[in-house]
Amino acid sequence: MAADSESDRSSPNIFIPNEWSNTADAIANCSVASPIAFVCGPKNSGKTTFSRHLLNVLLQRHKKVAYLDTDVGQTEFTPPGLLSLTVIDKITPDLTIPCLKTPERCFFFGDISSKRDPVIYLSYISALYDHYLKEYCTDNKTKFLGTTTSLPLVINTPGWVKGIGYELLVGMLKHMSPTHVVKIRISAESKNLPPGAFWSNEVNNDSVCVIEINAARQDHLKRSVLVQKDARLLRDMRLISYFRQCLPSDMTISTLKELTQQLCALHPYEVAISSVEIKHLHCQVPLSETLRSLNATIVGLAVSSVSEQWPQCVGLGIVRAVDGPSKGLETSRKVIYVLTPVPQKVLEDVDVLLMGSIQTPTALLTPGCVSPYMSANVLPYI
């Protein structure tokens, strides 16, 4: 397929430098039928922008491309706190616009940094990569594309490249078999990754193509190259956008206050406490305080399986309230009230509530508004 011009492929507000375009084209047009590109580099170097640009370039040659997101703090297609494998089938022209998509498979890590539990973090990523290999890189798996063609894969990584962060990158690369490793370098040399195949003990590693490119802040016309971002604000906006899906898409909402009021008016799902297992991922909570600790928190809704080591996350929910057993109260219904955009058909299989440390956006707890986790009207048991 003929490559589009640089101006056609770039976002309206982002200029993709020639070095980046040439690298993406080289990966897309390489001799490997379905390349696996591992993108890494320090914080604020443009990894996500380059990854999404590469995704668009690959989609010009392939019907579908897989995207493995390993940055729990700055997720691309899911709310924060998730590690996910998403299959993309449409080009996103504007790289400045965040877009939520339903992942092929994901795990609820429950924190915005891998340092909370590096071991389980690496285990989740390995499991997602293994799922990709099993489903999209074997000849007997033809149901997805109707052919034996594998899907290309783009792997985006966090900007923590020193200390434990460096060890995690090495662990990922040793488990995976990328065809290309793209290292983005910044001007502060001490913050960059080591040159070459830093994860390998082999002097000459010909099995992978290592490409080093420079981070770019502005072009000669002072146009922004990178998506400017406030990390905390982006996380809140992704969560707000996610729970906005609880409401009809054609509903007109112009302010966060209106959104909060509409969420308050929704009937949450009513979940029997006896039907779910409650797990705290990164702390120990006394059994007597377990239910109380859930109130007004964001939880991962997961499905356990005998054949799977870890429960698969199907989405997030806000716990509006907990009507748990209390001494001297016989009217307790022993239920949890949950607000979520996850379809009821999918919710019927949820049997695990995972609690991490993902905070409810303050915009949904604004003084003067009724908080959306408080409500008396509920949907039937699930």
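Going by the structure above, here's the rest.
What counts and what doesn't
- Residues numbered from 1 in each chain as written.
- Predicted model: local features only at pLDDT ≥ 70, side-chain atom pairs only at ≥ 80, totals over all residues.
- Heavy atoms only, no water.
- 1 Å grid on protein atoms, 1.4 Å probe; cavity = no way out; pocket = protein on both sides within 12 Å on 5 of 7 lines; lining within 4 Å.
- Points joined across faces, edges and corners; volume = space filled by probe spheres on them.
- Helix = DSSP H or I, 4+ residues; strand = E, 2+ residues; numbered from the N terminus.
- Nonpolar A, V, L, I, M, F, W, Y, C, P; charged D, E, K, R; others polar.
- Axes fitted to C-alpha atoms, helices over the stretch in contact; angles between N-to-C directions.
- Parallel < 35°, antiparallel > 145°, perpendicular 65-115°, else oblique.
- Left-handed = near helix turned anticlockwise from the far one by under 90°.
- Contact = heavy atoms within 4.5 Å.
- Phe/Tyr/Trp six-rings, centres within 6.5 Å; stacked < 30°, edge-to-face > 60°.
- Buried < 20%, exposed > 50% of the residue type's maximum accessible area, 1.4 Å probe, protein only.
- Pairing = 2+ DSSP bridges.
- Expected span 1.5 Å × (residues − 1).
- Polar contact = N/O pair within 3.5 Å; in protein donor to acceptor, adjacent residues only side chain to side chain.

**Q** I'm lost on empty space enclosed by the protein in this one. Help?
**A** The rolling of a water-molecule-sized probe over the atoms marks out the regions of remaining empty space. Considering all chains together, one arrives at 2 cavities of 30 Å³ or more under this definition. Estimated volume of the second largest cavity: approximately 40 Å³. As for the second largest cavity, its lining consists of Ser114, Tyr121, Pro158, Trp160, Gly165, Leu168, Leu169 and Met172. A total of 4 residues in the lining of the second largest cavity trace back to one element, the largest contributor, which is helix H5 (residues 164-175). When its residues are assigned to classes, the lining of the second largest cavity shows 6 nonpolar, 2 polar and no charged.

**Q** Before we go on, may I ask you to explain the layout of surface pockets in this structure?
**A** Its boundaries defined by the atoms lining it, the second largest pocket holds a volume of some 440 Å³. Broken down by element, the lining of the second largest pocket gets its largest block of residues, 4 residues, from strand S11 (residues 312-323).

**Q** It is not clear to me how the packing of helix H4 (residues 118-136) against H5 should be interpreted in this structure. Could you clarify?
**A** In a packed pair of helices, the relevant descriptors are the angle between the two axes and the axis-to-axis distance. It is at 10 Å that the axes of H4 and H5 come closest, and there the two elements cross at 25°. One element, H4, and the other, H5, form an angle in the roughly parallel class. Helix-helix and strand crossings are classified by hand; for H4 and H5 the assignment is right-handed. Counting all contacts with H4, which are made through Pro118, Tyr121, Leu122, Ile125, Ser126, Tyr129 and Asp130, the residues of H5 involved are Ile164, Leu168, Gly171, Met172 and His175. Its residues assigned to classes, the contact of H4 with H5 shows 8 nonpolar, 3 polar and 1 charged.

**Q** Would you mind going over the packing of aromatic side chains with me for this structure?
**A** The description of an aromatic ring pair uses the distance of the two centres, along with the angle that the planes make with each other. Enumeration according to the criterion identifies 11 aromatic pairs in this entry. When the ring of Phe107 is compared with that of Tyr124, the centres are 4.6 Å apart and the planes differ by 10°; the resulting orientation is stacked. Of this pair, Phe107 sits in strand S4 (residues 105-108) while Tyr124 sits in helix H4; the two residues are 17 residues apart in sequence, bridging distant segments of the chain. Here the two residues Phe107 and Tyr124 agree in accessibility, since each one is buried. What links up through ring pairs into an aromatic cluster is the set Phe107, Tyr124 and Trp310.

**Q** What's the story with the sheet that holds strand S8 (residues 269-272) in this structure? I'm lost.
**A** The strands that make up a sheet are held in pairs by hydrogen bonds between backbone atoms, and each pair lies either parallel or antiparallel. Sheet architecture is open: 6 strands sit in the order S8-S12-S11-S10-S13-S9, paired in mixed fashion. The sheet is open, and its two edges are formed by S8 and strand S9 (277-280), each paired on a single side. Across the sheet, the axes of successive neighbouring strands diverge by a mean angle of 40°, strand direction being ignored. Against the sheet, helix H6 (residues 231-244) touches strand S10 (298-303), S11 and strand S12 (335-339), its axis set at about 85° to S11.

**Q** Please clarify how the pairing of S10 should be interpreted in this entry.
**A** Along any regular strand the residues' side chains alternate between the sheet's two faces. With 5 of its 6 residues buried, S10 lies for the most part within the structure. Across 6 bridges, S10 lies against S11 in antiparallel orientation. By the bridge assignment, Ile298 is partnered in S11 with Ile318. Bridging between S10 and strand S13 (residues 352-355) involves 4 bridges; their strand directions are antiparallel. When the sheet's bridge partners are listed, Ala302 is paired in S13 with Val352.

**Q** What exactly am I supposed to notice about unusual backbone geometry here?
**A** Comment: phi is negative for the bulk of residues other than glycine, and the bulk of peptide bonds are trans. Phi is positive for Asn44, close to 60°, though the residue is something other than glycine. A residue is classified by how much of its surface remains accessible, and Asn44, at 46% relative accessible area, is partly exposed. The phi dihedral of Ala296 is positive, around 70°, even though this residue is not glycine. For Ala296, the position within the fold is in the loop between helix H8 (290-294) and S10.

**Q** So what exactly am I meant to see when it comes to H4 here?
**A** Note: α-helices contain 3.6 residues per turn, so residues at a spacing of three or four share the same orientation. Under the 1.5 Å per step criterion, the end-to-end length of H4 is 27 Å for 19 residues, consistent within 8% with the ideal 27 Å. Where H4 is buried, its residues contact strand S1 (36-40), strand S2 (65-69), strand S3 (82-88), S4, strand S5 (153-156) and H5.

**Q** Would you take a moment to explain the side chain of Asp71 for this structure?
**A** Within the element layout of this structure, Asp71 appears in the loop between S2 and S3. A polar contact is formed between the side chain of Asp71 and the backbone nitrogen of Gly73, at a distance of 3.2 Å. If we ignore the near neighbours within four places in the chain, the residues touching Asp71 are Asn156, Thr157 and Pro158.

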